[in-house]
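# Survey of secondary and tertiary structure
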Amino acid sequence: MTRAMATPSLRPASVAPLPPGLVERFAAIVGPAGIVADPAAMEPWLIESRGLYRGASPLVLRPASTAEVAEVVRLAHAHRVAIVPQGGNTGLVGGAVAQGQMILALGRMNRVRAVDPVDYTMTVDAGCILADLQVAAAAQDRLFPLSLGAEGSCQIGGNLSTNAGGTQVLRYGNTRELCLGLEVVLPDGRVWDGLRALRKNNTGYDLKHLFIGGEGTLGIITGAVLRLFPLPKERPAAFVALAGLDEALELLSRLRRATGDALSGFELIPRLAIDLARKHNPVAIDPLAARHDWYALVEAEAAEAGGGLGGVLEAALGTALEDGIVVDAAIAQSEQKRRAFWHLREALVLAQAPEGASIKNDVSVPVSRVPDFIRRATAAVLERCPEARPLPFGHVGDGNVHFNIQQPVGGDDAAFLARWDELTGAVNEVVAALGGSFSAEHGIGRLKVADLRTYKNPVELDMMRAIKRALDPDGLMNPGAML
Ligand code: FAD
Ligand code: ZN
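Read on for an overview of the structure. (Residues numbered from 1 in each chain as written. Chains lettered and ligands numbered in written order. Predicted model: local features only at pLDDT ≥ 70, side-chain atom pairs only at ≥ 80, totals over all residues. Heavy atoms only, no water.)

Attention now moves to the packing of helix H8 (residues 246-258) against helix H10 (residues 309-322). Between H8 and H10, the least distance of the axes is 10 Å, while the angle of their chain directions is 145°. In this structure, H8 crosses over H10, and the sense of that crossing is right-handed. Contacts between H8 and H10 involve Leu251, Arg254, Leu255 and Ala258 on the former and, on the latter, Val312, Leu313, Ala316, Leu317, Thr319 and Ala320. (Axes fitted to C-alpha atoms, helices over the stretch in contact; angles between N-to-C directions. Helix = DSSP H or I, 4+ residues; strand = E, 2+ residues; numbered from the N terminus. Left-handed = near helix turned anticlockwise from the far one by under 90°. Contact = heavy atoms within 4.5 Å.)

Here's what the structure looks like:
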């Protein structure tokens, strides 16, 4: 397959001023607390977590209500002013990075409108921080299961717009599965009130799914009805050394069966990840005494404490040990130990930046093909760059591998990053051959636009463009992202 160039852009875009008088009119809508026009003060909305992009914008607006968002969008639409919606700005594909457009940031819309424990739902503003929603649900003995490394700063509107995955997808699904209704400001400023708390509603196209994973290209999500679950009272977890990569599949399958599908996490971790985590984070532990090539962090959820699920997990791991699938395992005997396991999982992500340049792939294949994929992608990368250090890890229970490639030890950052297209292309060819997806959870943004053109089926691309034209004929919503 031939690929268009997709190298991340490091150059800031130029900024054209807004039409005369417009800034004042926007200011009148959002008030002094809702406008940032000073270039230095805009910095938090212009930086990008990976340093791949540099945002540029004439204005950041921070409306405080759906009505204000609608008024801003109406005015912008009338003057053909393009908008980049922004949540917590933690996205990993440059989707929220303005390239000269006005930024509309949702952070001031952070109200939990209602928690309904009987309906098992929660109605929230789009700018709520994910971690705050987890706390609000838990206060009513309910679980909002979405969980990811950026949960302390990403917003639910961003999670919905990227259809975020995270570490609990195995049991609860992606963000798409956690949403019952949406409130959206359309590109012309009309408000779509789809805030329904219905589990059954077969009345035509399910429009919320256009905006979930829509990356802000079809409108601005301002509110959502989210699904809640019983709050688990116990989370038995184990850190397991696998006999090999193939054994990960057998263990996953066995643990799902043994726990009655109460398995909520199954994270694959290679040895290099533990070494890097410990090198760059003094608090990260190595849970097992000996060194092994592959590990799995597994976790299940029980409705009641002391209900025996911990024993079930331990027994299943004992049998796997006898059968040679597992070679060693540490059971979390305390909440503190369980957290230490997950801390290691987070530390391995954060260790990649201080270790030098890293080329990222967030891909998925059918679960059964994960070992095959990792072997073939590793070979493809090492064939092109023998000194590179592949670091495949991730949510293997969902077939999702973050096939990151760390630069050679002592290598040059820029020289390595210059090979981004070549190495991600090599990985994506393997993904395509195995019937997988080149972007499993992070989306398209600005980083993977060329990949979308290369790998998406032309009929699907046509339908996507038709939807974009129908809802946003002037192309004012997040231009440059996705399509
Ligand atoms: P932003 O980055 O602000 O925006 C993301 C996209 O959504 C942009 O296109 C933006 O225009 C659009 N958008 C934002 N808000 C709205 C809105 N209200 N209406 C319309 N469009 C909007 N992602 C995963 O899926 N799984 C992970 O496990 C995971 N782990 C991460 C770990 C770390 C340490 C980091 C830094 C990121 C991780 N991510 C992960 C990526 C990121 O956190 C998610 O994509 C998250 O959902 C983005 O939310 P945000 O509020 O930061 O959105
Ligand atoms: Zn992930």
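It is worth spelling out the sheet that holds strand S9 (residues 191-194) at this point. In space, the 5 strands of this open sheet follow the order S5-S6-S10-S8-S9, with antiparallel pairing throughout. Since the sheet does not close on itself, it has two edges, and those belong to strand S5 (112-116) and S9, each with one partner. Strand-to-strand twist across the sheet, computed as the mean angle between neighbouring axes with direction ignored, equals 10°. Taken together, the 4 bridges between S5 and strand S6 (residues 121-125) define a ladder with antiparallel strand orientation. Within S6, the residue paired with Asp116 across the bridge is Thr121. Sheet contacts for helix H3 (residues 66-78): S5, strand S8 (179-185), S9 and strand S10 (220-227); angle to S8, the most-contacted strand, approximately 45°. (Pairing = 2+ DSSP bridges.)

For the rest of this paragraph, the subject is the site of ligand 1. Neighbouring residues of ligand 1: 34 residues in total, closest Pro85, Gly87, Gly88, Thr90 and Gly91. Taking Gly87, its main chain carries an N or O atom lying 2.7 Å from an oxygen atom of ligand 1. At 2.9 Å from a nitrogen atom of ligand 1 is found a main-chain nitrogen or oxygen belonging to Ile221. In isolation ligand 1 offers 970 Å² of accessible surface; the protein chains occlude 93% of this area. For the shell around ligand 1, the elements supplying multiple residues, two or more each, are strand S3 (83-86), helix H5 (156-162) and S10. With 5 residues, H5 is the largest single contributor of residues to the shell around ligand 1. Of the residues belonging to the shell around ligand 1, the class tally is 11 nonpolar, 21 polar and 2 charged. (Near = heavy atom within 4 Å. Polar contact = N/O pair within 3.5 Å; in protein donor to acceptor, adjacent residues only side chain to side chain. Areas by Shrake-Rupley, 256 points an atom, 1.4 Å probe, with all protein chains shown as cover. Nonpolar A, V, L, I, M, F, W, Y, C, P; charged D, E, K, R; others polar.)

Everything listed here is a matter of coordinates, which is why it stays silent on function.
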